[in-house]
Structures are given as structure tokens and as C-alpha cells.
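An overview of the molecular structure
Letter by letter, the chains look like this.
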Amino acid sequence: MNGQHNSAVLPTGRTALDTAGCSSPALSPDGRHSAYVSDRGGTPQIWVQPVGSDLAVSVDTGGEPVAAVHWSTGGDWLACQVSPGGAPRHEAWLVRPDGSALHQVAGFGADTADTLRWLPGRAVLAVTENLSRALLVDAETGQRHVVAEGELIALLDVSPDHGRALLRRGPRGARRLVVRDLRSGLERYVTDGQQGCFGPDGHTVYAVSDAGEFPVVIRVDEAVTVLADAGRGEVESFALTVDGRTLAVLWNVRGGESELALLDLAHGGRRVVHPLPGTVIGGLVWSTDGHTLAFTAEGPGQPHGVWAYHDHPRPASADPATADAAVRPISVEPAVVGAVRPVLHAFRSHDGLEITGWLLRPADGGPHPAVLWLHGGPEAQERPGHSPLFESLVAHGIAVFAPNVRGSSGFGRGFVAADNGPLRYAAIADVAACVDYLTAAGIADPARVGCAGRSYGGYLTLAALTTYPELFAVGVDVCGMSNFATFYAHTEPWIAAAAVTKYGDPVADAALLHDLSPITRIDRLRAPLLVVHGANDSNVPVIESEQVVAALAERGVPHHYLLFPGEGHELLHRDARAEYLRVTVDWLARHLRASAPIP
């Protein structure tokens, strides 16, 4: 396959756990070339490759990691989001596909640039700075034009006549889409939601609506029409061709797997892309001519790869309801032979709410030493994708259970909001319910259970270790919040403003946030703890880990602090991820085995 690389070897002899992955596909207007982000050189950078060829060329954008790339509808420019120092702050840079004319256009100084979108026609880039300033950037002249300002806004699209802007307003869990008349300044509500765009007429709006319990795709003109309902799961995202004739819709089904279908809006009809090249799909993007759809796919033991669906004439004998024959790889790593496939489990939590999670376990019967892995967000979801950490732990004889506790996405609006503010105590109790389930089912040895997580999952790990210290033999906190007061004081201002609806107001809810902060009960933590953080993290600033490490050192609790210079909220460099994987697996394996009862 394209872009093949050597990889680490597990104790079992299986291979490839930290091979290069590809993300953020973008297509030339005719769909013949793809740009994407890959870390095959060690750091995420832009690569351009003819579709159907193994020849990939790196586009030099400097030494900083690249988070995303977008190809202009005219084909002359690539827009890329650069993450200086690996931090969550983004800069917007433009570069020609041949690597020339590199220059920055947004995200200067302490600003961050997000929601990049090329407008059809002229080389004009829509971009949002600091969730407070919506602007258009002319790629040819460099002129910047502010179209809207305000707290917690994002620019999603602008009509072809530049008379209307589609804006997203509001904090996490309470976002809505509005159309703003750029001449009068008046705004019209469209729906609750986060994703939307104008149709080719510049008046019709297509959006993922969160107004109901489950997201659906709607078209809003004189009336509201549901184009894709939730069916057996949630609508996750969509991509509309520039001519408005075809809609690609991505569903989240069966606890986190993907389904992809193409809707013919011009003539009616629905074609399912099946089988998909991975269990989890993302990053849908059409070429300007509407004939090629690019996306990412991953699965157990299969890193993110970039694929393309080609809308070409098909044999008369082909099934018109499927599109599998049209899917081809662009840049894909071979999947690991014998990778452990996660199995979805469901159980009732402490209050009867159903919780699901993905279980990976060693081949022998058990009970096993086990690790609970808690995802970030919390409005994210654990899905059956590629996880070098999970595979490595199973290879060491450790079962992994990755639950979607309340607050996770993928299970309806009510489930996402079920941990807001004072409801967070119930989410912490979900962690203990996971341990009860694993031990009662004979999956986990109750004397050898660990808890680990990243970002919000790191917070939840700390909260569980300090609330239920008797349940856990070891812990791993990766860039988790430990003190809501210091988090709000030191995180980026736009992150703090957006988080109030989820966690609570730092002033009005100060007593609640103090009680929910793990640092308040750090005296109860007794499990050996590995603490991991990126030195440049400005989302969850490094002070969140530093105060935990200081408290554990003062109390003589066994711990290890793994700090990564040059990294932010994500570990973007492959060597950093390799070290994190090695240290984390060693830490968990050593302490879970050390806590095993002596025969």
C-alpha cells in the first residue's frame, strides 16, 4: 500500500502500532490529486499525491506541526492550520500546491484561527479568530474583511454574493446556527447545531440539526426538510457537493461504528458505501467537480488512512444500492495481522442508566489485570478505531475497557448533557460502576484494576482515584484537569468561555467546582500515578499536572512525571508518542503485576 513504513514489534511478534497515519484529506478541483496531513516524516506535514499513484510529495510549511489542510475550489491554493509548539492555538497559512508563496493570513500573535473554509469561485478563505471574529481573507491580495464580531461565534459559510453569513453562536452544548444579513446586521435563527453550509443558491441552508434528541440533516429554505434522519444511530456529519446535487452523510451506529451513504438530491435515491475500508470514518470532503469524495478510515490495528470514492459509470450488473467498487486507497498503511478487535458491552450503571464500552481482552480466559481507559471531551466518544496503547496492553496480558460514560456523544442529546454541572458526580460514579461490571463478569481481577485517561478523561481518572481509592491499583493521568479554579484562570479565554455550560461558572459555581476538583481530595489518592503533559499545552495548562505532582511528592505517593517539551494538548511528534507508549505500557504492566496476590 501507499506510504508503507516499518513499525515497532510487540512481544507477541505482531507489528505496526505506531506507523504513520494520515488525516484531513483535501482534493484538487478535478479530484485527480489529494492533499492530506501525514506524520510519516516524524511531524504532521502536508503531502500532495496523485489519486491512484504511490508518488507523494511533501509541501514545506516550516517545522511546526500541521493540523489540517484545505484545497481552494479554484485549485491555486492550499490553506493549512499550523499548531505552533504543538499547542491548541492555530495559525492559518496559505501555500501553492507546488510549495511556493507560503505566507500567514490569520492567527497572528496570541490569536487562534479555526473553521477554515474556501468559498466557491474566488480564492477567498472564511476563517474565525478566537471564537470572536469572523473574517474573509482574499488569497490573492491578502485583504482581510471582518464580517461579524461577538463572543463565541464561528464563521461557517458565506453566500456567493457575500450578502449573508452562516454563523455558529454559543458555548458547548448550547450552540445554534444563524444566518446574518451582512448589509442590515439582522440575524435569522436556523437550528441548534454546529455544522452547516449554504446551498449553491446562497439562500438555502443545509445543516446537522441538534434541535431534537438525535442529530439529523436538514435543508432549510421556505420550509424545513429532513434529508437524513437518525435511523439506528446519530447523524455525525455531511458533505455537500458544490453544485448541491449530492449529499454524503456519515452516521454513528452500533455504539461508535460508521455508516456512509450518498443521497442524490437532484433525482432522489440513496447509495450505501459498503463495505467501508475501516470501522470509523471521518473527514468527508468533495472535489469541486463533485465526482470524488475523500475521507479517512481507521480500524483496530489500522491507522488513519485516506481513501477516495469515485462517482464513475458502473457496470449494468452492479448493485445500484452500493458503492464499494468505487472506493480506492490514496494513502493507506496495511492493517496489523491479528489485531485484537474490540467487542461492545452494555450494562446498567449505578442509577440504571445504560452505559456501553469497548472491551479488548487477552486470549486466555481471565480474570485479567485490567485498565479502564476514559476518553476526552467529555463530549467525545470511544470508538472501535486504531489504538496502539490498547493493542500493546492486550499483548502484555492486560484487558482494556473503554467506556462511554454519561456526557459522551453518540447516544443522544440527553446523554451528552447528563453530566453537566452538578450532574458530574454521576459520571464519576459511572467509573466505579464499570469496575463493578468487569469484576462481576469475571473479566477483571479486582486486585489488579487500573484507571487511565486523557484530557477530560485525565480529569475523570483523577476524580475516580480520589473518590474510590480502594478500587484501583494504578493510574495514568494524561493532561487532565485537577483544579477547576486554576483551569479557568490559565486556559485560553475562548476555551474558558465555551466551557461554562459544561462544567459550571467559575464564579457562580465556585463551591461546586471546588468540590468536583480532584486536588481537593488529593489526600485520598494512593495508587501509583503516571502524570503526562505537553509543556506547551494551553488548553489544559501544565499547572494542572504540576500541582498534582507536587502534592504526591509531598505525601510520598509513588508517581512519575513525563513532560514533553515542544508538545501541546496533543502529542503530535512520532518520537514523543513512541516514548509515551513505551513508558505508559511499562508503568501499567509493572504496577498491575506487582499488585497481583501472592499464591
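Definitions and limits used
Residues numbered from 1 in each chain as written. Predicted model: local features only at pLDDT ≥ 70, side-chain atom pairs only at ≥ 80, totals over all residues. Heavy atoms only, no water. Buried < 20%, exposed > 50% of the residue type's maximum accessible area, 1.4 Å probe, protein only. Helix = DSSP H or I, 4+ residues; strand = E, 2+ residues; numbered from the N terminus. Pairing = 2+ DSSP bridges. Axes fitted to C-alpha atoms, helices over the stretch in contact; angles between N-to-C directions. Polar contact = N/O pair within 3.5 Å; in protein donor to acceptor, adjacent residues only side chain to side chain. Contact = heavy atoms within 4.5 Å. Expected span 1.5 Å × (residues − 1). Parallel < 35°, antiparallel > 145°, perpendicular 65-115°, else oblique. Nonpolar A, V, L, I, M, F, W, Y, C, P; charged D, E, K, R; others polar. Phe/Tyr/Trp six-rings, centres within 6.5 Å; stacked < 30°, edge-to-face > 60°. Lys NZ or Arg CZ within 6 Å of the ring centre and 35° of its normal. Salt bridge = Lys/Arg side-chain N within 4 Å of Asp/Glu carboxyl O. Core = buried A, V, L, I, M, F, W, Y, C linked by side-chain atoms within 4.5 Å.

A word on helix H1 (residues 388–395). Of all 8 residues in H1, 8 are buried; the element is thus mostly enclosed. Positive backbone phi, at 85°, marks glycine 397, one or two positions downstream of H1.

Next up on the list: the sheet that holds strand E15 (residues 176–181). In sheet architecture, strand pairing relies on hydrogen bonds along the backbone and comes in two forms, parallel and antiparallel. Spatial strand order, E13-E14-E15-E16: 4 strands in an open sheet with antiparallel pairing. Strand pairing shows two members of the sheet lacking a second neighbour, strand E13 (153–158) and strand E16 (187–192), which therefore form its edges. Direction aside, neighbouring strands of the sheet carry axes that sit 25° apart on average. Sheet analysis places E15 next to E16, joined by 5 bridges and oriented antiparallel. In the strand pairing of E16, arginine 176 is matched with aspartate 192.

Let us now look at the pairing of strand E1 (residues 22–27). Taking burial as the measure, the 6 residues of E1 include 5 buried ones, the bulk of the element. Bridge analysis of E1 against strand E2 (residues 33–38) gives 4 bridges, and the strand direction is antiparallel. Counted as the bridge partner of cysteine 22 is serine 38 from E2. Two successive antiparallel strands, E1 and E2, enclose a turn made up of 5 residues, where glycine 31 displays a positive phi of approximately 75°.

Here asparagine 483 shows up in the loop between strand E34 (474–478) and helix H5 (484–490). Engagement of the side chain of asparagine 483 in a polar contact is seen with the side chain of glutamine 547, the distance being 3.4 Å.

Turning our eyes to something else, we now look at the sheet that holds E1. What the 4 strands build is an open sheet, ordered E1-E2-E3-E4; its pairing is antiparallel. Either end of the sheet is taken by a strand with one partner, and the two such strands are E1 and strand E4 (57–59). Within this sheet the neighbouring strands show an average axis-to-axis angle of 30°, counted without direction. Direction of pairing for strand E3 (residues 45–50) relative to E4: antiparallel, over a ladder of 3 bridges. Looking at the pairing, tryptophan 47 lines up with serine 58 of E4.

Considering the arrangement of structural elements, one finds threonine 584 in helix H9 (residues 574–594). In this view, threonine 584 contacts Leu389, Val476 and Leu530; residues no more than four positions away in its chain are not counted.

Moving on, we come to helix H3 (residues 424–440). The first and last C-alpha atoms of H3 sit 25 Å apart over 17 residues, in line with the 24 Å expected at 1.5 Å per residue. Along H3, 12 of the 17 residues are buried, which leaves the element largely enclosed by surrounding structure.

Before going further, it helps to examine unusual backbone geometry. Looking along the chain, the bond that leaves glycine 366 and enters proline 367 is cis, with omega of 5°. Locating proline 367 in the fold gives a position in the loop between strand E30 (354–360) and strand E31 (368–374). Residue proline 378 is reached from glycine 377 by a cis peptide bond, and omega for that bond is 5°. Looking at the secondary structure, you find proline 378 in the loop between E31 and H1. Despite not being glycine, leucine 131 has its phi angle at roughly 50°, a positive value. Looking at where leucine 131 falls in the secondary structure, it is placed in the loop between strand E10 (124–129) and strand E11 (133–138). Here histidine 162, not a glycine, exhibits a phi torsion of approximately 60°, which is positive. Examined against the element boundaries, histidine 162 turns out to sit in the loop between E13 and strand E14 (164–169). Relative accessible area serves as the criterion here: at 27%, histidine 162 is assigned to the partly exposed category.

Put simply, H3 and helix H4 (residues 456–467) touch, their axes get as near as 9 Å, and they point 75° apart. The angle between H3 and H4 falls in the class roughly perpendicular. When H3 is examined against H4, the residues Arg424, Ala427, Ile428 and Val431 are found in contact with a partner set consisting of Tyr456, Tyr459, Leu460, Ala463, Ala464 and Thr467. Taken together, the residues of the contact of H3 with H4 break down into 8 nonpolar, 1 polar and 1 charged.

A few words now on the packing of aromatic side chains. Scanning all chains against the criterion turns up 11 aromatic pairs. A centroid spacing of 6.3 Å and a plane angle of 15° characterise the contact between tyrosine 456 and tyrosine 503, whose relative ring orientation is stacked. In this pair, tyrosine 456 is assigned in helix H4 and tyrosine 503 in helix H6 (residues 493–503), connecting sequence segments 47 residues apart. Chaining the aromatic ring pairs together yields one cluster made of Tyr456, Tyr459, Phe484, Phe487, Tyr488 and Tyr503. Here arginine 40 stacks its cationic end above the ring of tryptophan 47, 4.6 Å away from the centre of that ring. It is arginine 96 that lies over the ring of tryptophan 77; its NZ or CZ is 3.8 Å from the centre.

Quick look at the pattern of salt bridges now. According to the stated counting rule, one finds 28 salt bridges in the structure shown. A salt bridge links arginine 406 to aspartate 430, with the shortest nitrogen-to-oxygen separation between them at 2.7 Å. One end of the pair, arginine 406, is in the loop between strand E32 (399–404) and helix H2 (413–416); the other, aspartate 430, is in helix H3, and 24 residues separate them in sequence. Residues joined in a network through salt bridges with shared partners are Asp111, Glu129, Arg133 and Arg144.

A word on the nonpolar core. Counting 61 residues, the largest nonpolar core has Tyr459, Phe472, Phe484 and Tyr503 as its most contacted members. Residue contributions to this core peak at 9 residues, all from H3. Filtering out sequence-adjacent residues up to four positions away, tyrosine 459 remains in contact with Arg424, Ile428, Gly480, Met481, Phe484, Leu516 and Pro518. Of all hydrophobic cores here, the second largest spans 31 residues; its members include Val371, Val400, Val474 and Leu562.

With 4 of 5 residues buried, strand E7 (residues 91–95) lies mostly within the body of the structure. By the bridge criterion, 5 bridges tie strand E6 (residues 78–82) to E7 in an arrangement that is antiparallel. From the neighbouring strand, valine 82 faces E7, where its bridge partner is glutamate 91. Bridging between E7 and strand E8 (residues 103–106) involves 3 bridges; their strand directions are antiparallel. Bridged to tryptophan 93 within E8 is glutamine 104.

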